[in-house]
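Residue-level structural notes
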Amino acid sequence: MTPKEVLEFAKKNNAQQIDLRFTDLPGLQHHVSYPISQLTEESFEEGFGMDGSSIRGWAAIHESDMLLIPDPATAMMDPFFETPTLVLTCDVIDPITRQHYERDPRWIGKKAEMFLKNSGIADTAYFGAEAEFFIFDNISFDQTQHSGYYFIDAEEGRWNSGRRMTRTG
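Described below are features of the structure shown in this document. (Residues numbered from 1 in each chain as written. Predicted model: local features only at pLDDT ≥ 70, side-chain atom pairs only at ≥ 80, totals over all residues. Heavy atoms only, no water.)

Examining the nonpolar core
Heads up, the rule is: Buried residues of nine kinds, namely Ala, Val, Leu, Ile, Met, Phe, Trp, Tyr and Cys, make up a nonpolar core once their side-chain atoms join them within 4.5 Å. A simple rule labels every residue: compare its accessible area, found with a 1.4 Å probe on the protein chains alone, to the largest value its type can have, and call it buried under 20%, exposed over 50%, or partly exposed in between. Strands here mean DSSP runs of E at least two residues long; helices mean DSSP runs of H or I at least four residues long; both are numbered from the N terminus. A contact between two residues is defined here by any heavy atoms of the two lying within 4.5 Å.
Ranked by internal contacts, the top residues of the largest apolar core, which has 20 residues, are Leu39, Trp58, Leu86 and Leu88. Contributing elements (two or more residues each) for this core: α1 (3-12), β1 (17-23), β3 (48-51), β4 (65-70) and β6 (85-93). Counting residues per element, this core draws most heavily on β6, at 4 residues. In contact with Trp58, not counting residues within four places along its chain, are Phe22, Thr23, Asp24, Leu25, Met50, Gly52, Met66, Val92, Tyr101, Arg103, Asp104 and Pro105.

Thoughts on the pattern of salt bridges
Selection rule: Salt bridges are identified by distance alone: a Lys or Arg side-chain nitrogen within 4 Å of an Asp or Glu carboxyl oxygen.
With the rule as written, the count across this model stands at 6 salt bridges. The shortest N-O distance in the salt bridge between Asp78 and Arg21 comes to 2.6 Å. Taken together, the residues Asp78 in the loop between β5 (76-77) and β6 and Arg21 in strand β1 connect sequence positions 57 residues apart. Judged by its relative accessible area of 14%, Arg21 is buried. Of the charged contacts, one joins Lys110 and Asp91 as a salt bridge, the two residues approaching to 3.1 Å between their closest N and O atoms. Linking Lys110 in helix α3 (residues 105-119) with Asp91 in strand β6, this pair joins segments that are 19 residues apart in sequence. The exposure class of Asp91 is buried, given its relative accessible area of 9%. Within this structure, Asp71, Asp91, Arg106 and Lys110 form a network of salt bridges that share partners.

Structural data, given as structure tokens:
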């Protein structure tokens, strides 16, 4: 989609806000939302200001001004928000030099893809998030005025590798 098509898409879907998303180095997705009226065709060039010092592993306070530049190709309506929300994934750039921020995982991925193409190794690269979750069989905890504890147990826990498991059925 072009920026103009994104604005038409937002209007067609009655979007009331935009949610700008980006990822930090450890892979945690961050976002900031604005009223849809803040999104213009110029926003795709000028971007939205952000403070990079509040993102772990990014910038010191004296170098923290950054811009989120929405990528129109990523536009979608969030199916979970109560308020109709247009989601855009963003590139992070320096507002003065207009260069990509070196710790932006999206930029790191783009550079890796460019390297693959230029080296002739491949012409396509796929990147994706690793969905991690844990299922526990038992969790107990307590907190009193003079003590506290928690206990987590799971059959598949490494700490149970010596336990003899019996299975039925």
